[in-house]
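# Structure at a glance
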Amino acid sequence: DYKVTGVQTCALPICFSSLIVLPLLNLSGDPAQDHIADTMTEELINTLTAIRSLRTVSSTTALTYKGSKKSLPQIAGERDVGAVVEGSVRLSADQVQIEVRLYDARTEKPLWTGTYPGSLRDVLKLENEAARSIADEIRVKLTPAEKRQLASSRPVDSAAWLEYSHGRMFWNRRTPEGIAQAIKYFQASIAKDPGYARAQSGLADAWALLGSAGADASPPRDVMPKAKEAALKAVQLDPSLAEGHTSLGYVLLSYDWDLDGARQQFDQATTLNPGYATAHHWYAHYWLAMAQPQKALDEIGKAQLLDPQSLVIN
């Protein structure tokens, strides 16, 4: 249900161990759909960050290159990566086509092109297929668990997916007003697709920040139980989702003071997706609570390396 064109393999056993995915272009002719292209960029990056042997520049940093006129070698030099992925998104009604192109960042030489058409409902499946093809082309070693993860993805209601992406955008503003808006989007996403674990994780993170030092907008006893309920639901719906374990770990640490439980959740999250910067960021909070500042520095250092443009992490 997809085609790969222009395949060119590399002579080395492992071609690249790091890459950046530049913002996918919106070829739909409707500027209002730019956000969808950005969201698909984030989804592709999030999928690639779960590959332990590959360092993928975070979406926060990658999206700063939207509209950039910098050359590929210049971008690669700034981010210390060997490969660059460019591409585009074309939407028509409920159909989508994603095209991605892989380049050697040093020479700007095109290595491979893949095209993935399908229903918007299957967008996560298409993103997984694109990520798997990129990993194959740059000869990244995938663990059995990573292969299973890339081979599986449940269909998601396209409207729920978009509501979730809006929610994360507002959540990242880290203001009481932004988080309140995020809660509305996450709740709308869950209403459209009750089985969408990532929306439950987003809702948990929003409630948790309202009740913690980050926003200090609501009494913890009013919102943290809601955060825990949503986090538990996210883990129940998809135990392989790093975001859900991260959400639960934060609540256990910040409200329940269940330090052993929090560590287990953060360990699980960073194992499932070592490229998820928020997991390392909040794991650093745990080590501070344990009075081990060096380990906290190690974790926040990992988060900063993964997401160097994040104001919150910096």
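Before going into details, it helps to say that this report is about the structure given with it. (Residues numbered from 1 in each chain as written. Predicted model: local features only at pLDDT ≥ 70, side-chain atom pairs only at ≥ 80, totals over all residues. Heavy atoms only, no water.)

### Quick look at the side chain of S165
Applicable threshold: The helix and strand labels rest on DSSP assignments: H or I over at least four residues marks a helix, E over at least two residues marks a strand, and numbering proceeds from the N terminus. A 1.4 Å probe rolled over the protein chains alone gives each residue an accessible area, and that area as a share of the maximum for its type sets the label: buried under 20%, exposed over 50%, partly exposed in between. Whether two residues touch is decided by their heavy atoms; if any such pair falls within 4.5 Å, the residues are in contact.
Looking at the element boundaries, S165 is found in helix α6 (residues 158-171). According to the relative accessible area criterion, S165 is buried, its value standing at 10%. Those residues within four positions of S165 in sequence are excluded, and the remaining contacts are H35 and T39.

### Digging into the pattern of salt bridges
Selection rule: Think of a salt bridge as a Lys or Arg side-chain nitrogen and an Asp or Glu carboxyl oxygen that are within 4 Å of each other.
Within this structure, the stated rule accounts for 13 salt bridges. Ionic pairing is found between K228 and D256, a salt bridge with its closest N-O pair at 2.7 Å. Pair noted here: K228 is in helix α9 (residues 220-237) and D256 is in helix α10 (residues 242-256), with a separation of 28 residues, a long-range link. Given the relative accessible area of 28%, K228 is considered partly exposed. Judged by relative accessible area, D256 falls into the partly exposed class, the value being 31%. Connected through salt bridges with shared partners, the residues E43, R198 and E243 form a single ionic network.

### Let's talk about the nonpolar core
The test is simple: Buried Ala, Val, Leu, Ile, Met, Phe, Trp, Tyr and Cys residues that are joined via side-chain atoms within 4.5 Å together make up what is termed a nonpolar core.
Ranked by internal contacts, the top residues of the largest apolar core, which has 86 residues, are I20, M40, L48, V100 and W161. For this core, the leading source of residues is helix α8 (residues 197-210), giving eight residues.

### What about unusual backbone geometry?
Of note, R174 is a non-glycine position whose phi angle comes to about 60°, a positive value. Looking at the secondary structure, you find R174 in the loop between α6 and α7 (176-192). Of note, the phi angle at A291 is positive, near 60°, even though the residue is not glycine.

### Focus: the pairing of strand β7 (residues 109-119)
Definition in use: For two strands to pair, DSSP has to find at least two bridges joining them.
Where strand β6 (residues 95-104) lies against β7, 10 bridges are found, and the strand directions are antiparallel. From the neighbouring strand, Y103 faces β7, where its bridge partner is P110.

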